[in-house]
Amino acid sequence: MSETNNTSSNFIKNIIKEDIATGKHDEIVTRFPPEPNGYLHIGHAKSIVLNFEIADEFGGKTNLRFDDTNPLKEDKEYVDSIKDDIEWLGYEWDGLKFASDYFEEMYDRAVLLIKKGLAYVEDMSQEEIREYRGTLKEPGKESPSRSRSVEENLDLFERMKNGEFGNGEKVLRAKIDMSSPNINMRDPVIYRISHATHHNTGDKWCIYPMYSFAHPLEDAIEGVTHSICTLEFEDQRPLYNWVVENCEMEAKPQQIEFARLNLTNTVMSKRKLKQFVDENFVDGWDDPRMPTISGFRRRGFTPESIKLFCREIGVAKSDNTVDVRMLEHFIREDLKLKAPRTMSVLHPLKVVITNYPEGEVEWLDADINPENEEMGTRKIPFSREIYIEKSDFMENPPKKYFRLFPGNEVRLKHAYFIKCNDVIKDENGEVVEIHCTYDPETKSGTGFTGRKVKGTLHWVEATNAKEAEFRLYDSLILDEKSGDDFLEQVNPKSLEVANGFVEPNMTEAKGNDKFQFFRHGYFNVDPKDTTEDKLVFNRIVELKSSFKL
RNA sequence: UGGGCUAUAGCCAAGUGGUAAGGCAACGGAUUUUGAUUCCGUCAUGCGCAGGUUCGAAUCCUGCUAGCCCAGCCA
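Criteria and cut-off values
Residues numbered from 1 in each chain as written. Chains lettered and ligands numbered in written order. Predicted model: local features only at pLDDT ≥ 70, side-chain atom pairs only at ≥ 80, totals over all residues. Heavy atoms only, no water. UniProt positions renumbered as here; feature names shortened; annotations may be inferred. Helix = DSSP H or I, 4+ residues; strand = E, 2+ residues; numbered from the N terminus. Rg over C-alpha atoms; globule rule 2.2 N^0.38 Å. Buried < 20%, exposed > 50% of the residue type's maximum accessible area, 1.4 Å probe, protein only. Contact = heavy atoms within 4.5 Å. Areas by Shrake-Rupley, 256 points an atom, 1.4 Å probe, with all protein chains shown as cover. Domains from an automatic or database assignment. Near = heavy atom within 4 Å. Polar contact = N/O pair within 3.5 Å; in protein donor to acceptor, adjacent residues only side chain to side chain. Nonpolar A, V, L, I, M, F, W, Y, C, P; charged D, E, K, R; others polar. Pairing = 2+ DSSP bridges. Axes fitted to C-alpha atoms, helices over the stretch in contact; angles between N-to-C directions. 1 Å grid on protein atoms, 1.4 Å probe; cavity = no way out; pocket = protein on both sides within 12 Å on 5 of 7 lines; lining within 4 Å. Points joined across faces, edges and corners; volume = space filled by probe spheres on them.

As annotated in an unreviewed UniProt entry, chain A carries the name Glutamine--tRNA ligase and comes from Evansella alkalicola. What UniProt records for chain A under Subcellular location (unreviewed entry) is the sentence "Cytoplasm". As its UniProt record puts it under Catalytic activity (unreviewed entry), chain A is described as follows: "tRNA(Gln) + L-glutamine + ATP = L-glutaminyl-tRNA(Gln) + AMP + diphosphate".

Here is the structure:
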């Protein structure tokens, strides 16, 4: 993966370089630690790219570790989707781990803490614990349970494990400092009782470790050298270090926090995305409008484009909102040389070429990608009747309109010049057909230079055209400044469905094939809804355009 | 004075005492059988603000200001 080394440095790489230079570590170990309670999104991709490529760059390892310490929220379905998404991005993890693999050891470490007088079983209710915790500005109070003997704590904790108590009756707390200015240090809960079936360990356990206790242990057990997480965990770092230290872990992983990704016109929280799914604003977690990895995949984004984007946005500690147009830039960039060019008409308008012989069809040569000649050529039919784009004709055009209008001549891509002579309208005055004449002298490829035209139009020959559905996407969210009422910011026009035509050879297209439709943009064959008789195309991104009507 | 963190262009971001990289966006112009691509050019006398140290400060010091995070038996 040598493509990873062309990006500028960031503060995390600088820390690692320093750690290698000083001999603190010989080998770098990172991990990507998702909780299997939802689908991965583009923000996770930033973390995946960071963790995997940093280890790769410095010759280390990266584990995929599921942080499955809360059976109420987690599910194997998510484990599978997460693995799929990471593989699709093109990364291979070194170890496949589960926090639940370490439940036994975590339990032992908790017992160690109790023996050292650094943890105790709490009798108080959740409400009481909260009251005793104090507030942001006032210190907390010590619980009566805090002074329990080691023996009693040991006994109680074992009975917790054995299922003698119901949910919420007891918790295990670390004994740290109830008056700490950092609330995380005010005797945090490290084990709770939850009589629930775990996707991995079944009913073996009814007590589960909390994140703040489990995570540092998991990292230390795996020998993770740099535990990279997001900014909201910064306040937990003292607790993280406390756990590693007092549980007498051999490895001393270092937690480093970076700012999570925000995108304009996008919501990124799992809660909100889940709401879109549950309330049917979208078609599911992989709806092409969703910022999930699976949504981008179905939309037609390539792994490479997402990785290029993640490398380019950088890694820092300041809150940020990246312009989604930057992501769009990288998919255009990636597909430019890869995607075959083809012509499609999304909103058809029939054109009759009155001086072209009836019943005759000629097959024209067309290059598949003018920027990548190795892709070769294709044949496209041409005849007396074709379809052009509705927006490529105006009866009364404004200045600088280069397309078709009465009396004007334009080029049909790969074919001939045509000139508009007549406009046919229906009873409502709507244009339904255009009559043109063509000039045989102007055939593409013959080197005709007799006269010039300003516009070149795409088109599809009518009798051989294949019907297709086009899904034209716009952002799901109109304005990124959205609070709890973000549903009010939902774009009612995030999806427009058009029914039109594609070239006849497109019948061979398969799910996830990507094309550039001339003058429209890049499209992906929808892998779910495309059938033998109906092609469905998802618009990945439009071509840039300086044209304004 | 609860604690933690952040501040460099419209948006990201490098920069770690030697005179503001790069990308996106935008705007000019050339080429163009995609109003695309490509190419060329423009875009911070300035680094949240105010002082100070220094021959020299985005970088060091002092004091402010603004924004984000923290009171789950979630992660």
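Next comes the rest of the account.
S.K.: I'd like a description of the overall build of chain A, backed by residues and values.
M.R.: The secondary structure content of chain A amounts to 12 helices and 25 strands. Its C-alpha atoms give chain A a radius of gyration of 31 Å, clearly above 24 Å, the size a compact globule of 549 residues would have. Burial status across chain A gives 52% buried among its 549 residues. Restricting the contact set of chain A to residue pairs at least 6 apart, pairs at least 24 apart contribute 70%. Of the roughly 25,500 Å² of accessible surface on chain A, a fraction of 45% belongs to carbon and sulfur atoms.

S.K.: Quick one: what's the story with the domain arrangement of chain A, residue by residue and with numbers?
M.R.: Reports of interface size often rely on the accessible area that becomes lost once the parts have come together. Domain annotation of chain A identifies domain 1 (11–98 + 212–330), domain 2 (104–211) and domain 3 (341–541). Placing a centre on the C-alpha atoms of domain 2 and another on those of domain 3 gives a separation of 66 Å.

S.K.: So, the protein's contact with RNA strand B: which residues are in play, and what are the values?
M.R.: As a matter of local geometry, RNA strand B sits amid 66 residues, with Glu-371, Phe-402, Arg-403, Ser-444 and Phe-518 nearest to it. Within the side chain of Lys-73, one N or O atom sits 3.4 Å away from a sugar or linking oxygen of RNA strand B. Between Arg-133 and RNA strand B, the recorded distance is 3.1 Å, taken from a side-chain N or O atom to a phosphate oxygen. Of all elements in the fold, only α5 (126–133), β6 (189–193), α11 (303–313) and α12 (324–335) reach the threshold of two or more residues within the surface near RNA strand B. A total of four residues in the surface near RNA strand B trace back to one element, the largest contributor, which is α5. Here the surface near RNA strand B is built from residues that sort into 21 nonpolar, 21 polar and 24 charged.

S.K.: Run through the sheet that holds strand β24 (residues 521–525), naming residues and quoting values.
M.R.: Taken together, the seven strands give an open sheet; going across it, the order is β10-β23-β24-β25-β21-β22-β11, and neighbouring strands pair in mixed fashion. Each of the sheet's edge strands pairs with one partner strand only, and the pair in question is β10 (341–342) and β11 (344–345). Relative to strand β25 (residues 535–542), strand β21 (residues 466–473) runs parallel, the two sharing four bridges. Within β25, the position partnered with Glu-469 by the bridge is Val-536. The strands that α12 touches are β10, β23 (514–517), β24 and β25; relative to β25, the one it contacts most, it runs at about 115 degrees.

S.K.: Any chance you could break down the sheet that holds strand β1 (residues 29–32) for me, citing the residues and the numbers?
M.R.: Strand order across the open sheet formed by three strands is β1-β2-β3, with parallel pairing between neighbours. Each end of this open sheet is capped by a strand with a single partner; those strands are β1 and β3 (96–98). Direction aside, neighbouring strands of the sheet carry axes that sit 35 degrees apart on average. Across three bridges, strand β2 (residues 61–66) lies against β3 in parallel orientation. Note on β3: the bridge partner recorded for Arg-65 is Lys-97. Lying on the sheet, helix α7 (residues 211–222) is in contact with β1, β2 and β3; it crosses β2 at an angle near 145 degrees.

S.K.: I'd like a rundown of empty space enclosed by the protein, residues and numbers included.
M.R.: All told, the structure shown has one cavity of 30 Å³ or more when counted by the stated rule. Reported here for the largest cavity is a volume of approximately 40 Å³. Taken together, Tyr-211, Ser-212, His-215, Pro-216, Gln-236, Tyr-240 and Gln-255 form the lining of the largest cavity. Looking at the lining of the largest cavity element by element, the count peaks at four residues for α7. Class assignment of the residues belonging to the lining of the largest cavity gives a composition of three nonpolar, four polar and no charged.

S.K.: Any details on unusual backbone geometry? Residues and values, ideally.
M.R.: The phi torsion at Lys-400 lies on the positive side, around 65 degrees, for a residue other than glycine. Residue placement: Lys-400 occurs in the loop between β15 (385–389) and β16 (409–412). For Lys-400, a relative accessible area of 70% translates into the label exposed. A positive phi angle is found at Asn-512, which is not glycine, with a value near 75 degrees. Looking at where Asn-512 falls in the secondary structure, it is placed in the loop between β22 (495–502) and β23.

S.K.: So what about the environment of Leu-118? Which residues, and what values?
M.R.: Along the chain, Leu-118 falls in the loop between α4 (103–115) and β4 (119–122). A sequence separation of 220 residues divides Leu-118 from Lys-338, and the C-alpha atoms of the two residues are 60 Å apart. Leu-118 has contacts with Leu-113, Arg-173, Ala-174, Lys-175, Trp-242 and Asn-246, leaving out every residue within four places of it along the chain.

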